[in-house]
Amino acid sequence: MKKSLKITLIVLGVLIGIIFLDTLQAKIFNNSPLLKMRDNLDGVNLDYVDKGLFVNYYHCNNSEKVTTWKNTKFACSVKEESNEEKYFKTIDNITIELSILKNWHYEEMTLEDSKFALKLYKNSQDKYATLNFYNNSFTVCGTGRTTEEITLNNGILATIGYYGEPIWSDISFYELNPNIAFINNGLEKEDTEEFLEIVKTLNIK
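In this convention, every chain numbers its residues from 1, walking through the sequence in written order. Residue-level local features of this predicted model are given only where pLDDT is at least 70; pairs of side-chain atoms are given and counted only at 80 or more, and the full residue set underlies all totals for whole chains, interfaces and linings. Computation of side-chain values covers all heavy atoms of the structure but excludes hydrogens and water.

> Mind showing me how you'd approach the pattern of salt bridges here?
Side chains that differ in sign of charge can pair as their charged atoms come close. Any Lys or Arg side-chain nitrogen located within 4 Å of an Asp or Glu carboxyl oxygen qualifies as a salt bridge. In the structure shown here, the tally under the stated rule is twelve salt bridges. With a closest N to O distance of 2.9 Å, K51 and D39 form a salt bridge. Taken as a pair, K51 in strand β2 (residues 46-51) and D39 in strand β1 (residues 37-40) lie far apart in primary sequence, twelve residues in all. Three exposure classes are used, based on accessible area relative to the maximum for each residue type with a 1.4 Å probe and protein chains only: buried under 20%, partly exposed in between, and exposed over 50%. On the basis of relative accessible area, D39 is assigned to the partly exposed category, the value being 29%. Here K189 and E193 are joined by a salt bridge, their closest N and O atoms 3.1 Å apart. With K189 and E193 both in helix α2 (residues 189-199) and four residues apart, this pair spans about one turn of that helix. In this structure K189 comes out as partly exposed when scored by relative accessible area, which is 39%. Residues joined in a network through salt bridges with shared partners are K36, R38 and D50. A run of DSSP states H or I qualifies as a helix once it reaches four residues; a run of E qualifies as a strand once it reaches two. Both are numbered from the N-terminal end.

Right, here's the structure in full:
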């Protein structure tokens, strides 16, 4: 065998070996291949693609990284945006947890008869509900009052109070804490019904 042909075959074998090992490490370890061309896409979901000889490496904007064989179709997963915000507050070693819908607003308040109060409203700051942590047990007038029970997401029962109208006046949680209650301050019927979805997420530890 001529020396030049032997050298050519050795070089070719080394190149094939390098390509094989590069492809193998990229696929096994989900890495970008060393021998590649990068396409910077800067898209909504996909940041860039490293194109190797036999594999493609996808780097998504959500930090997802995937190595696929050439010609294999791939799309970055789309993370669904949460329609609620988690709220936490600790008072006197008691933690209140609540999931507030994105289209609702909230702000903490100071009230004379409460250790803590959270104001929640949707469209108008003048029509809102408050989550009160009273200094003492929550009490109400029983005259003309009707009640019904609602089950929270944690399985605990809460009591909804009405005074002759289809719109609730208050919601109390005696199984969780007798000092804590929601008070309606002008929310209209449609908003009070939507607000119950927030109420159901309440947890007190």
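> What is the right way to look at the nonpolar core in this model?
Side chains that are nonpolar tend, in soluble globular proteins, to be buried together. Residues L98, W168, I171, F173, F182 and F195 are the most contacted members of the largest nonpolar core, which totals 31 residues. Within the residue set of this core, elements represented by two or more residues are β5 (84-91), β6 (94-101), β8 (114-121), β9 (128-134), β11 (157-162), β13 (180-185) and α2. At five residues, the largest contribution of residues to this core is made by β6. Any two residues having at least one pair of non-hydrogen atoms within 4.5 Å are treated as being in contact. Excluding its chain neighbours within four sequence positions, the residues that come into contact with F173 are L152, A158, P178, I180, A181, F182, V199 and L202. Take the buried residues of types Ala, Val, Leu, Ile, Met, Phe, Trp, Tyr and Cys, join any two whose side-chain atoms come within 4.5 Å, and each joined set is a nonpolar core.

> I'm lost on helix α1 (residues 3-28) in this one. Help?
Given 3.6 residues per turn, any residue in an α-helix points the same way as the ones three and four places further on. Multiply 1.5 Å by the residue count of a helix minus one, and that product is the helix's expected span. When the terminal C-alpha atoms of α1 are compared, their 37 Å separation across 26 residues agrees well with the 38 Å that a helix rising 1.5 Å per residue should span. Among the residues making up α1, those that are buried are D22, T23 and A26. Taken together, the buried residues of α1 touch β3 (55-60) and β4 (65-69). Two residues or fewer past α1, N30 is found with a positive phi of approximately 55°.

> Mind showing me how you'd approach the environment of T110 here?
Looking at the secondary structure, you find T110 in the loop between β7 (105-109) and β8. A residue is classified by how much of its surface remains accessible, and T110, at 79% relative accessible area, is exposed. Residues T110 and I28, 82 residues apart in the sequence, show an inter-C-alpha distance of 58 Å.

> Mind showing me how you'd approach the state of the cysteines here?
A disulfide bridge is the covalent bond that connects two cysteines by way of their sulfur atoms. Throughout, disulfides are identified as pairs of cysteine sulfur atoms within 2.5 Å of each other. Evaluation of the coordinates by the stated rule reveals one disulfide. For C60, the disulfide goes to C76, at an S-S distance of 2.0 Å. Every disulfide takes its handedness from the sign of the S-S torsion; for C60 and C76 that torsion is -85°, giving left-handed. With a gap of 16 residues between them, C60 in strand β3 and C76 in the loop between β4 and β5 connect regions that are remote in the sequence. The class for C60 is buried, based on a relative accessible area of 1%.

> Can you help me understand the environment of N177 in this one?
Its place among the elements puts N177 in the loop between β12 (170-172) and β13. Classification of N177 by relative accessible area gives buried; the value is 10%. Put simply, N177 and N103 are 74 residues apart on the chain and 28 Å apart in space, counted from C-alpha to C-alpha. Here a polar contact is recorded for every N or O atom pair within 3.5 Å, except that within protein the pair must consist of a potential hydrogen donor and a potential acceptor, and residues adjacent in sequence are included only if both atoms are side-chain atoms. Within the structure, the side chain of N177 is placed 2.9 Å from the backbone nitrogen of N179, a separation counted as a polar contact.

> Is there a simple way to think about a nonpolar patch on the surface in this case?
Taken together, I7, I10, V11, V14, L15, I18, L34, L35, L53, F54 and W69 make up a surface patch of nonpolar side chains, about 1,100 Å² in accessible area. Among the elements that make up the nonpolar patch, the one with the highest residue count is α1 (six residues). Take I7: it is sitting in helix α1. Here I7 falls in the partly exposed class, since its relative accessible area comes to 45%. Patches here are clusters of residues that have more than 30% relative accessible area and form no salt bridge, with a 9 Å joining cutoff for like charges and a 5 Å cutoff for nonpolar side chains (Val, Leu, Ile, Met, Phe, Trp, Tyr). Computed with the Shrake-Rupley method and a 1.4 Å probe, the accessible areas treat only the protein chains shown as cover for residues.

> Would you take a moment to explain the pairing of β13 for this structure?
Side-chain positions along a regular strand alternate between the two faces of the sheet. The buried fraction of β13 is high, at five of six residues. Inspection of the sheet shows β12 paired to β13 by three bridges, in the antiparallel sense. The partner of S172 across the bridge, within β13, is A181. Whether two strands pair comes down to DSSP finding at least two bridges between them.

It is worth stressing that arrangement in space is one thing and function is another; only the former is reported here.
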